[in-house]
Amino acid sequence: MPLVIMCGYPACGKSRRSLQLKEHLERNGLSVAVVSDETERLDRNAVYSDSGQEKNARGTLKSRVQRLISKDTIVILDSLNYIKGFRYELFCVAKNQRTPSCVVYCISNRDKSKELNASRPSGYTPAV
């Protein structure tokens, strides 16, 4: 089944859209798995403020996607996914499994995303 890669600014609605998509697909009888920073227990502020930790986190997310992707399960990757090369690696993972993939860009005004992020207790730090 397909790989859905969510992409966009922090606090632009990626997680909300991922959840809505998951609920919709499950109502239609499909098996769905969501991979995110939360499901992998990654501290977003620590990870995304250090390039070395971020590289390890991308490896963790990719590994989880590789384990979950199959003919029977739709996998939704809910993370920043702003690096084009990382999205290409994920495309190759899906292609290797002979399953389609797509990127969903959650478009949001940058200033509005910053405002929403600042208002959330679990938001990213300004350094990220």
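The coordinates are above.
Report on the accompanying structure. (Residues numbered from 1 in each chain as written. Predicted model: local features only at pLDDT ≥ 70, side-chain atom pairs only at ≥ 80, totals over all residues. Heavy atoms only, no water.)

### What to know about the sheet that holds strand S2 (residues 31–36)
Hydrogen bonds along the backbone pair up the strands of a sheet, which may run parallel or antiparallel.
Part 1 of the argument: One open sheet holds the four strands; their spatial order is S2-S3-S1-S4, and the pairing between them is parallel. The two strands at the open ends of the sheet, each matched to only one other strand, are S2 and strand S4 (101–106). Neighbour-to-neighbour, the strand axes of this sheet turn through a mean angle of 20°, independent of strand direction.
Part 2 of the argument: Running over the sheet, helix H1 (residues 14–27) touches strand S1 (3–8), S2, strand S3 (73–78) and S4 and is turned about 170° from S3.
Part 3 of the argument: Packing against the sheet, helix H4 (residues 84–96) makes contact with S1, S3 and S4, and its axis sits at approximately 170° to S1. (Pairing = 2+ DSSP bridges. Helix = DSSP H or I, 4+ residues; strand = E, 2+ residues; numbered from the N terminus. Axes fitted to C-alpha atoms, helices over the stretch in contact; angles between N-to-C directions. Contact = heavy atoms within 4.5 Å.)

### Structural notes on the side chain of Thr99
Part 1 of the argument: Its location among the elements puts Thr99 in the loop between H4 and S4.
Part 2 of the argument: On the basis of relative accessible area, Thr99 is assigned to the buried category, the value being 9%.
Part 3 of the argument: Within the structure, the side chain of Thr99 is placed 2.5 Å from the backbone oxygen of Met1, a separation counted as a polar contact.
Part 4 of the argument: Setting aside its immediate chain neighbours within four residues, Thr99 contacts Met1, Pro2, Ile69 and Ala94. (Buried < 20%, exposed > 50% of the residue type's maximum accessible area, 1.4 Å probe, protein only. Polar contact = N/O pair within 3.5 Å; in protein donor to acceptor, adjacent residues only side chain to side chain.)

### With respect to the nonpolar core
Part 1 of the argument: One finds Leu3, Val65, Leu77 and Leu90 to be the most contacted residues of the largest nonpolar core, which totals 16 residues.
Part 2 of the argument: Secondary structure elements with two or more residues in this core: S1, helix H2 (44–48), helix H3 (51–68), S3 and H4.
Part 3 of the argument: In terms of residue count, the dominant contributor to this core is H4 (four residues).
Part 4 of the argument: Ignoring any residue separated from it by four or fewer positions in sequence, one finds Val65 in contact with Leu3, Val35, Val75, Leu77 and Leu90. (Core = buried A, V, L, I, M, F, W, Y, C linked by side-chain atoms within 4.5 Å.)

### Focus on unusual backbone geometry
Part 1 of the argument: In the Ramachandran plot, Arg41 falls in the positive-phi region, its phi being about 55° despite a non-glycine side chain.
Part 2 of the argument: Residue placement: Arg41 occurs in the loop between S2 and H2.
Part 3 of the argument: One non-glycine residue, Asn81, lies in the positive phi region at around 50°.
Part 4 of the argument: Looking at the secondary structure, you find Asn81 in the loop between S3 and H4.

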